[in-house]
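In case you want the letters, here they are:
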Amino acid sequence: MAGHFGLRSDTVLAGWFPAYDISFARYSPGLIQHLAMVKAAAQRGILVIDLGRGEKEYKEKLKNGELEVAEGRLTRPTPSAGLHWLIRVPIRGARNTVLSHPQLLRPADKMLKMSGTLRGVLRGRESAARGGSRDIRS
């Protein structure tokens, strides 16, 4: 119902892709998974779990501190570097703007959750049309 893909060193676990089946959202599988992950990480000598940037509700519930991290990039003046900049920088800037303004973050987060729910429903219908046995509830 929930899973996590991330990277780890001897003492640090960096969270990348936590996910859960939204049809079980009422049971908080993501939060349960994170709590189990924290317990297992502590047993394996992990001292720091980096939940990544952004202000998701579960991060606020789980964190006990914050570290400030800078980001940047270094490129050579080539056409491919220019194309990379053209694609990445405006998107990154928009994302940073939304993340730093709660009045933008809440509606954007709500829209992403709604699109995820819709995508799940549509995938379920596609699966059912092909003869799959997935249970779809609205």
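Residues numbered from 1 in each chain as written. Predicted model: local features only at pLDDT ≥ 70, side-chain atom pairs only at ≥ 80, totals over all residues. Heavy atoms only, no water.

## Focus on the layout of surface pockets
Alright, step 1. Taken as a whole, the second largest pocket spans an internal volume of roughly 310 Å³.
Alright, step 2. Lining the second largest pocket we find Glu 71, Gly 72, Arg 73, His 84, Arg 88, Val 89, Ile 91, Arg 92, Gly 93 and Arg 95.
Alright, step 3. When grouped by side-chain class, the residues that make up the lining of the second largest pocket number two nonpolar, three polar and five charged. (1 Å grid on protein atoms, 1.4 Å probe; cavity = no way out; pocket = protein on both sides within 12 Å on 5 of 7 lines; lining within 4 Å. Points joined across faces, edges and corners; volume = space filled by probe spheres on them. Nonpolar A, V, L, I, M, F, W, Y, C, P; charged D, E, K, R; others polar.)

## Focus on the pattern of salt bridges
Alright, step 1. What the rule picks out here adds up to three salt bridges.
Alright, step 2. When the shortest N-O distance is used, the salt bridge between Lys 63 and Glu 60 registers 3.3 Å.
Alright, step 3. Residue Asp 109 is joined to Lys 113 by a salt bridge in which the shortest nitrogen-to-oxygen separation is 3.3 Å. One end of the pair, Asp 109, and the other, Lys 113, are both in helix H4 (residues 102-129), four residues apart, so they sit about a helical turn from each other.
Alright, step 4. Since its relative accessible area comes to 53%, Lys 113 is described here as exposed.
Alright, step 5. Among the charged side chains, a network of salt bridges with common partners joins Glu 60, Lys 63 and Glu 66. (Salt bridge = Lys/Arg side-chain N within 4 Å of Asp/Glu carboxyl O. Helix = DSSP H or I, 4+ residues; strand = E, 2+ residues; numbered from the N terminus. Buried < 20%, exposed > 50% of the residue type's maximum accessible area, 1.4 Å probe, protein only.)

## Some words on the environment of Gly 82
Alright, step 1. Turning to its location among the elements, Gly 82 is positioned in helix H3 (residues 79-99).
Alright, step 2. For Gly 82, a relative accessible area of 37% corresponds to the partly exposed category.
Alright, step 3. C-alpha separation for the pair Gly 82 and Leu 112, spaced 30 residues apart in sequence, amounts to 29 Å.

## Examining the confidence of the model for the chain
Alright, step 1. A residue-level look at the chain finds 93% of positions with pLDDT of 70 or above and a mean pLDDT of 84.
Alright, step 2. Here helix H2 (residues 57-62) is the element of the chain with the lowest mean pLDDT, 82, and helix H1 (residues 29-43) is the one with the highest, 93.
Alright, step 3. Across residues 134-138, confidence stays below pLDDT 50; counting only partners more than four residues off in sequence or on other chains, it has seven contacts. (pLDDT = per-residue confidence, 0-100. Contact = heavy atoms within 4.5 Å.)

## Examining the packing of aromatic side chains
Alright, step 1. Under the criterion given, the structure shown has three aromatic pairs.
Alright, step 2. Residues Phe 5 and Trp 16 carry aromatic rings whose centres are separated by 6.1 Å and whose planes lie at 45 degrees to one another, so their mutual orientation is tilted. Taken together, the positions of Phe 5 in strand S1 (residues 2-8) and Trp 16 in strand S2 (residues 12-20) put the pair 11 residues apart, joining distant regions of the chain.
Alright, step 3. Assessed through its relative accessible area of 46%, Trp 16 is described here as partly exposed.
Alright, step 4. Between Trp 16 and Phe 17, the aromatic rings sit 6.0 Å apart at their centres with planes inclined by 70 degrees, giving edge-to-face as the arrangement.
Alright, step 5. Accessibility expressed as a relative area gives 54% for Phe 17, which makes it exposed.
Alright, step 6. The rings of Phe 5, Trp 16 and Phe 17 are connected pair by pair, giving a single aromatic cluster. (Phe/Tyr/Trp six-rings, centres within 6.5 Å; stacked < 30°, edge-to-face > 60°.)

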